[in-house]
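# Secondary and tertiary structure notes
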Amino acid sequence: YAQWRANSNTEYTVEYYKQNSTGSTEYTKAESKKLYGTTGSTVTAETAGVKKVYTGFNYLKSDPAAGIKIAADGSSVLKLYYDKKAAIVISADSASKTYDGKELTDSGYTYTLGVLAAGDELSVTVSGSQTDAGTGDNTVTGCKVMHGTTDVTDIYDITKVDGVLTVNPVAIVISADSASKPYDG
């Protein structure tokens, strides 16, 4: 008797859509890719080789959500959507003073306001010091965005900008007494 065996090299398409701008509901097709699998098998975003990583974007969802069954005629299409990461710029403060023998530090920073989602909290660590006359970096050494107890840092595109710590030299005035002496030979 005859046995039917599913084709293991059936074509299907994955289309990749990127969000036009942060918060937008509009997406533009970035690319599409032809892949191959077994007729009748299910393909989801988690299937090896399907999901992509795009710099500045987070994977959001697939359409259909449950994935696709590979049709024998190669007509199956899985659409993957990527949200644009919200951009946050964190700038370490700069500071300066005149040399006094004591260390200059500044743990302050500023960041792009209005970007954090409701309930998200930003935690930043800034490190740097300068004691002697000269300059040194004041660096953003750590940052984390938490939503309650969940770390959501990955949904943001974070840029860190260093500040500068400057210790200016003390102005010293040197004056000498004047004197005179006749030439004696």
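So, here is what we can say about the structure in this document.

All right, on to the environment of Thr 47 then. Inspection of the secondary structure assignment puts Thr 47 in the loop between strand E3 (42-43) and strand E4 (57-63). Through-space distance from the C-alpha of Thr 47 to that of Thr 13 is 13 Å; in sequence the pair is 34 residues apart. At 2.9 Å, the side chain of Thr 47 forms a polar contact with the backbone nitrogen of Thr 44.

A few words on the pairing of strand E11 (residues 134-147). By the bridge criterion, eight bridges tie strand E10 (residues 120-127) to E11 in an arrangement that is antiparallel. Its bridge partner lying in E11, Glu 121 is registered against Met 146. Pairing geometry for E11 and strand E12 (residues 150-151), over two bridges, is antiparallel. Looking at E12, one finds that His 147 is bridged to Thr 150. The hairpin turn running from E11 into E12, its antiparallel successor, is two residues long, and Gly 148 in that turn takes a positive phi close to 65°.

All right, on to the sheet that holds strand E13 (residues 156-161) then. Consider a sheet: its strands pair through backbone hydrogen bonds, and that pairing is either parallel or antiparallel. Strand order in the open sheet formed by three strands is E9-E7-E13, with mixed pairing between adjacent strands. At either margin of the open sheet sits one strand with a lone partner, and together these are strand E9 (109-111) and E13. For this sheet the average axis-to-axis angle between neighbouring strands, irrespective of direction, equals 20°. Pairing between strand E7 (residues 86-92) and E13: six bridges, direction parallel.

The grouping of Tyr 99, Val 170, Ile 172 and Ile 174 at the surface amounts to a nonpolar patch, some 450 Å² of accessible area in total. Mapped onto the fold, Ile 174 is located in the segment after strand E14 (163-168). Given a relative accessible area of 78%, Ile 174 falls into the exposed group.

All right, on to the sheet that holds E4 then. Spatial ordering of the open sheet is given by E2-E1-E6-E4, a layout of four strands whose pairing is mixed. Every interior strand has two partners, whereas the edge strands, strand E2 (27-37) and E4, have only one. Across the sheet, the mean angle from the axis of one strand to that of its neighbour is 25°, orientation sign disregarded. Bridge count between strand E1 (residues 10-19) and strand E6 (residues 77-84): six bridges; the pairing is parallel. Each bridged residue has a counterpart across the sheet, and for Val 14 the counterpart in E6 is Leu 78.

Now for the pattern of salt bridges. Following the criterion strictly, the structure yields six salt bridges and no others. Of the charged contacts, one joins Glu 11 and Lys 34 as a salt bridge, the two residues approaching to 3.8 Å between their closest N and O atoms. Here Glu 11, found in strand E1, pairs with Lys 34, found in strand E2; they are 23 residues apart in sequence, far enough to count as distant. You can call Lys 34 partly exposed: its relative accessible area is 48%. Ionic pairing is found between Lys 181 and Asp 184, a salt bridge with its closest N-O pair at 3.4 Å. The same class applies to Lys 181 as to Asp 184, namely exposed.

Definitions and cut-offs
Residues numbered from 1 in each chain as written. Predicted model: local features only at pLDDT ≥ 70, side-chain atom pairs only at ≥ 80, totals over all residues. Heavy atoms only, no water. Helix = DSSP H or I, 4+ residues; strand = E, 2+ residues; numbered from the N terminus. Polar contact = N/O pair within 3.5 Å; in protein donor to acceptor, adjacent residues only side chain to side chain. Pairing = 2+ DSSP bridges. Axes fitted to C-alpha atoms, helices over the stretch in contact; angles between N-to-C directions. Patch = residues over 30% accessible without salt bridge, like charges linked within 9 Å, V, L, I, M, F, W, Y side chains within 5 Å. Areas by Shrake-Rupley, 256 points an atom, 1.4 Å probe, with all protein chains shown as cover. Salt bridge = Lys/Arg side-chain N within 4 Å of Asp/Glu carboxyl O. Buried < 20%, exposed > 50% of the residue type's maximum accessible area, 1.4 Å probe, protein only.

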